[in-house]
Amino acid sequence: MVKDQNYWLQKLATLRIDRARGNPAPHKPLLLLVIIEMMEKAEIRSTEVTLSPDIAFRFSVYWSAVAQRCKQRPDVRLPFHHISSSGIWQALTAQGEVSTDKKLTKMIRINQSFFECLSNEGFRDKARRVLIETEPYFLPEERVALYSMLKMKPSAPEIREDEAAYKASVQTAGMRASVLR
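Asker: I would appreciate a short explanation of the pattern of salt bridges in the present structure.
Answerer: Pairs can form between side chains of opposite charge once their charged atoms are near each other. Under the definition given, this model contains 11 salt bridges. Between Glu37 and Lys41 there is a salt bridge whose closest N-O contact spans 3.2 Å. Among the residues examined, Glu37 registers a relative accessible area of 6% and is labelled buried. Given a relative accessible area of 48%, Lys41 falls into the partly exposed group. Residues Arg128 and Glu40 are paired through a salt bridge, measuring 2.4 Å at the closest nitrogen-oxygen approach. Taken as a pair, Arg128 in helix 6 (residues 121–133) and Glu40 in helix 2 (residues 27–40) lie far apart in primary sequence, 88 residues in all. By relative accessible area, Arg128 is classed as buried at 10%. Accessibility expressed as a relative area gives 36% for Glu40, which makes it partly exposed. Connected via shared salt-bridge partners are Glu37, Lys41, Glu43, Asp54 and Arg58.

Structure below.
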């Protein structure tokens, strides 16, 4: 099977997410937004990425969009390890061996085909929109906050229709992001 952009967009739209606490856990889509941002800024140059304080910090910035409903601390190790179950990347230990536990996962190896797709600006835009708009990853107000943080215009009609709420949320998200950065 050829793993083209459509394949990966479908993967992003069908992430297995934890629902044990009622609300769907936003960890995986948030970390993927971080990875996309880092690719955009050419901060990731190879398929191997080490878990770093910078990744953890960016994850916590994005986490601010969901902090109202997610009372636990943002733990980047969860999605860093568990996204490997989707085939997007492989979780590795510090020695480069396949990791079997989130506590042992120190780096990832991004699937080469996905990495190549991330090199394409159009794909990154579509991937962000899929991650933000796919039900049930985020609540409507969280979507607005994420669009604001990313300085993107929402494509979802329900977000665009309530222009006043969108503008208010943009201001709130913008202030939240600037404080965290």
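Asker: Looking at this model, I keep getting lost on the sheet that holds strand 2 (residues 89–92). Mind explaining?
Answerer: As summarised here, the arrangement of the 3 strands in space is 1-3-2, forming an open sheet in which the pairing is antiparallel. Strand pairing shows two members of the sheet lacking a second neighbour, strand 1 (48–50) and strand 2, which therefore form its edges. Each strand of the sheet is rotated relative to its neighbour by a mean of 25°, with strand direction disregarded. When strand 1 meets strand 3 (residues 107–110), the two strands line up antiparallel, connected through 3 bridges. Its bridge partner being in strand 3, Val49 is matched across the sheet by Ile108.

Cut-offs applied
Residues numbered from 1 in each chain as written. Predicted model: local features only at pLDDT ≥ 70, side-chain atom pairs only at ≥ 80, totals over all residues. Heavy atoms only, no water. Salt bridge = Lys/Arg side-chain N within 4 Å of Asp/Glu carboxyl O. Buried < 20%, exposed > 50% of the residue type's maximum accessible area, 1.4 Å probe, protein only. Helix = DSSP H or I, 4+ residues; strand = E, 2+ residues; numbered from the N terminus. Pairing = 2+ DSSP bridges. Axes fitted to C-alpha atoms, helices over the stretch in contact; angles between N-to-C directions.

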